[in-house]
Amino acid sequence: MIKLLDKPFKAFTIYALIILLVSIPIYFLVVDWIWVTEIDDNHEIIMERIENRFEQSHVSGHDLETILNTWNTLQPSSSITPITETFVSRDSIYEVTKYNEYEAEWDRFRGLQTVIKIDSKPYLLNIETNVEEAYETIFAIGLVTVVLYGLLVFGFIRLNRKISQSVWKPFDSTLTKLKSFDLSTSKEVIFEPTDIEEFQTLNQTISKLISENVSVYNQQKAFVANASHELQTPIALLKSKLDILFQDEKLSSDQSDLVNAIQVPLARLTRVNKNLLLLARIDASNFSDISDINFSEKVEKSEELLQDYIDEKKLSLQKNERGLCVFQCSQFLAETLVNNLLSNAIRHTFENGEVSVEWDEAGFSFKNSGKEGLNRDLLFKRFSISTTETTNSGLGLAIVKEICKQNSWEISYDFLDHFHVFSVRFGKF
């Protein structure tokens, strides 16, 4: 994962590199053009000066010949040679590569060949100037480009960090508050004011969304609590009437079977209603009996409560204490947590299977033998049922999850070596 500002930074860096690489030959061509243009202009100036100087000095005859010989000897980069009147030559600008004896290397020369008048006679003037080496020019331009690119990237990085710290500070603050937001607490989220319009609009939209969701959540909690509470009395009456009906001696065999059939979904309804009331209480954090809980004692009590179920399935229950497990929790919630995890382990273990409970100072785990792993995405969701048990409400593990959440514990599931493993670790998520 990369940050938002790093996305355009990478593209900008690549773009800058491409532009600077393309600029190297362009720089070279421009500099070379300027260089040879200046040489050509300088040749024109030299030609005019030579012609004017000879014209002003009025040299002729033997003196002129002596001067020209001396000139040709002392000026290796230029030469003046006499030509006949019939010699026809246009001014020409040329380039030639030849061996430079002074620098002991092959160099590039820019030359001018033209006809001048000295003492009213035509002479062929040839001027050559060494052009700056191409590879030296390219090296210099390349070096400057690399330095500039390094400065450019360094500037991008510094600016990117500075912009990220200042401009995106309101966004980071909003993100931090959203990460710590818990819908179950129903607390209002107050975002820091900002002068950036987009972030201000984002904060207003999120605040409105949170407010609406908190309102709906509270309404749902109130509905579940009220509905479950109101269902208690009619369920109790229905069970009472069925018990009276079942005790009626005039009840036929078919009617007795029908009453038994009604009691099965009624037991499930009773269990669902009881668990919904419990979830409503957990959501409301309506527990004050907080004390030190000895986990081993709770396991013993839960084992006694579920012993008939264990015997019925002929299960082997093992308890492994690896350290003293004592934690602070509501007595009622601790009992509910242990009972739900143990009953869940028993429910998902086939006959003659194994169930084991392990605990230490950091937490505890329930293991039971199984054939294949359970769906992790549905395990802790309400009314997600992964068993054929007819009285199962689909709320047992959801209650376990809520109890762990309220106490800031971590609940996890694994399927290892044909064993379902539910582990509770103490501490923050």
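Note that this is a predicted model, so its numbers are computed, not measured.

## A closer look at the sheet that holds strand S9 (residues 363-369)
Okay, step 1: With mixed pairing, the 5 strands of this open sheet are ordered in space as S6-S8-S9-S11-S10. A strand with exactly one partner marks an edge of an open sheet, and here the two such strands are strand S6 (316-321) and strand S10 (410-416). Taken pair by pair, the neighbouring strands of this sheet meet at an average axis angle of 15 degrees, ignoring direction.
Okay, step 2: Across 6 bridges, the pairing between strand S8 (residues 354-360) and S9 is antiparallel. Its bridge partner lying in S9, aspartate 360 is registered against glycine 363.

## Description of a negative patch on the surface
Okay, step 1: Residues Glu38, Asp41, Glu44, Glu48 and Asp91 make up a contiguous surface patch of negative charge.
Okay, step 2: Assignment of secondary structure puts aspartate 41 in helix H1 (residues 6-57).
Okay, step 3: Judged by relative accessible area, aspartate 41 falls into the partly exposed class, the value being 40%.

## Here's the deal with helix H7 (residues 295-305)
Okay, step 1: Along H7, the positions that sit buried rather than exposed are Phe295, Ser296, Lys298, Val299, Ser302 and Glu303. Projection of H7 onto a plane perpendicular to its axis shows the buried side chains occupying an angular sector of 160 degrees, all on one side. What points out from H7, more than 90 degrees from its buried face, is the exposed set Glu304 and Leu305.

## Side note on the state of the cysteines
Okay, step 1: For the coordinates displayed, the defined rule picks out 0 disulfides.
Okay, step 2: Cysteine 329 provides the cysteine sulfur closest to cysteine 404, a residue in no disulfide bond, and the two sulfurs are 8.9 Å apart.

## Some points on the nonpolar core
Okay, step 1: Judged by nonpolar contacts, the single largest core of 42 residues is most densely connected at Phe295, Phe327, Leu337, Leu341, Phe364, Phe366 and Phe422.
Okay, step 2: In terms of residues, this core owes the most to one element, helix H9 (residues 331-347), which gives 8 residues.
Okay, step 3: Discounting chain neighbours no more than four positions away, the residues touching phenylalanine 366 are Phe295, Val338, Leu341, Leu342, Ser356, Val357, His420, Val421 and Phe422.
Okay, step 4: If you look at the next biggest cluster of nonpolar residues, it comprises 12 residues, including Val59, Leu68, Ile116 and Ile118.

## Considering a nonpolar patch on the surface
Okay, step 1: On the surface, Ile14, Ile18, Val22, Ile26, Val30, Trp33 and Ile34 cluster together into a nonpolar patch covering about 660 Å² of accessible area.
Okay, step 2: Locating valine 22 in the fold gives a position in helix H1.

## Points about the packing of helix H6 (residues 253-283) against helix H10 (residues 396-406)
The packing of two helices is summarised by the inter-axis angle and the distance between the axes.
Okay, step 1: Two elements in contact, H6 and H10, have axes whose closest approach is 10 Å; the angle formed by their N-to-C orientations is 15 degrees. By the criterion of interaxial angle, the relationship of H6 to H10 is roughly parallel. For the pair H6 and H10, the crossing hand works out as left-handed. On H10, the residues that touch Asn275, Leu278, Leu279, Ile282 and Asp283 of H6 are Ala398, Ile399, Glu402, Ile403 and Gln406.
Okay, step 2: Of the residues contributing to the contact of H6 with H10, the split by class is 6 nonpolar, 2 polar and 2 charged.

## Digging into the environment of threonine 13
Okay, step 1: Along the chain, the position of threonine 13 falls in helix H1.
Okay, step 2: Exposure remark for threonine 13: the relative accessible area of 14% places this residue in the buried category.
Okay, step 3: Taking the C-alpha atoms as reference, threonine 13 lies 8.5 Å from leucine 152; in sequence the two are 139 residues apart.
Okay, step 4: Not counting the four nearest positions on each side in its chain, threonine 13 is found in contact with Tyr149, Val153 and Phe156.

## Here we look at the pattern of salt bridges
Pairing between side chains becomes possible if they bear opposite charge and their charged atoms approach one another.
Okay, step 1: Tallied over the entire structure, the rule returns 10 salt bridges.
Okay, step 2: In this structure, aspartate 32 engages arginine 108 in a salt bridge whose closest nitrogen and oxygen atoms are separated by 2.8 Å. In this pair, aspartate 32 is assigned in helix H1 and arginine 108 in strand S3 (residues 105-118), connecting sequence segments 76 residues apart. Taken individually, aspartate 32 and arginine 108 each receive the classification buried, so the pair is uniform in this respect.
Okay, step 3: For arginine 108, the salt bridge identified is with glutamate 95, shortest N-O distance 3.0 Å.

## Concerning the packing of H6 against H9
Okay, step 1: Between H6 and H9, the least distance of the axes is 13 Å, while the angle of their chain directions is 135 degrees. Between H6 and H9, the angle is such that the two are oblique. H9 is crossed by H6, and the crossing has left-handed handedness. Side by side, H6 and H9 meet where Arg271, Leu278, Arg281 and Ile282 of the first sit next to Phe332, Leu333, Thr336 and Arg347 of the second.
Okay, step 2: Considering only residue class, the contact of H6 with H9 consists of 4 nonpolar, 1 polar and 3 charged.

Rules used in this analysis
Residue indices begin from 1 for each chain and proceed along its sequence in written order. Given that the model is predicted, a residue must reach a pLDDT of at least 70 before its local features are reported, and side-chain atom pairs must reach 80 or more before they are shown or counted; all residues, however, enter totals for whole chains, interfaces and linings. Derived side-chain values reflect all non-hydrogen atoms in the structure, with water molecules and hydrogen atoms excluded from consideration. Only when DSSP finds a minimum of two bridges between them are two strands counted as paired. Going along the chain from the N terminus, every DSSP run of H or I of four or more residues is numbered as a helix, and every run of E of two or more is numbered as a strand. Only C-alpha atoms enter the line fits that serve as axes; for helices the fit covers just the stretch in contact. Angles between N-to-C directions range over 0 to 180 degrees. Put simply, a patch holds well-exposed residues, over 30% relative accessible area, that have no salt bridge, with like charges counted together within 9 Å and Val, Leu, Ile, Met, Phe, Trp or Tyr side chains within 5 Å. Computed by Shrake-Rupley with a 1.4 Å probe, the accessible areas treat only the displayed protein chains as cover when residues are assessed. We define a salt bridge as a contact between a side-chain nitrogen of Lys or Arg and a carboxyl oxygen of Asp or Glu at a distance within 4 Å. Counted charges follow a simple rule, with Lys and Arg positive, Asp and Glu negative, and His plus the chain ends left uncounted. We put the charge of a Lys on NZ, of an Arg on CZ, of an Asp on CG and of a Glu on CD. Remark: exposure states derive from per-residue accessible area (1.4 Å probe, protein chains only) relative to the maximum for the residue type, with buried under 20%, exposed over 50%, and partly exposed in between. By construction, the arc corresponds to the directions joining the helix axis to the C-beta atoms. What counts as a disulfide here is a pair of cysteine sulfur atoms lying within 2.5 Å. Grouping buried Ala, Val, Leu, Ile, Met, Phe, Trp, Tyr and Cys residues that are joined through side-chain atoms within 4.5 Å yields what is termed a nonpolar core. Contacts between residues were defined by any pair of non-hydrogen atoms, one from each residue, lying within 4.5 Å. To sort the angles, those under 35 degrees are grouped as roughly parallel, those over 145 as roughly antiparallel, those from 65 to 115 as roughly perpendicular, and the leftovers as oblique. Helix crossings are classified by the rotation of the near helix relative to the far one: an anticlockwise turn of less than a right angle makes the crossing left-handed, while a clockwise turn makes it right-handed. Under the grouping applied here, Gly and all other residues not named as nonpolar or charged are polar, the nonpolar ones being Ala, Val, Leu, Ile, Met, Phe, Trp, Tyr, Cys and Pro and the charged ones Asp, Glu, Lys and Arg.

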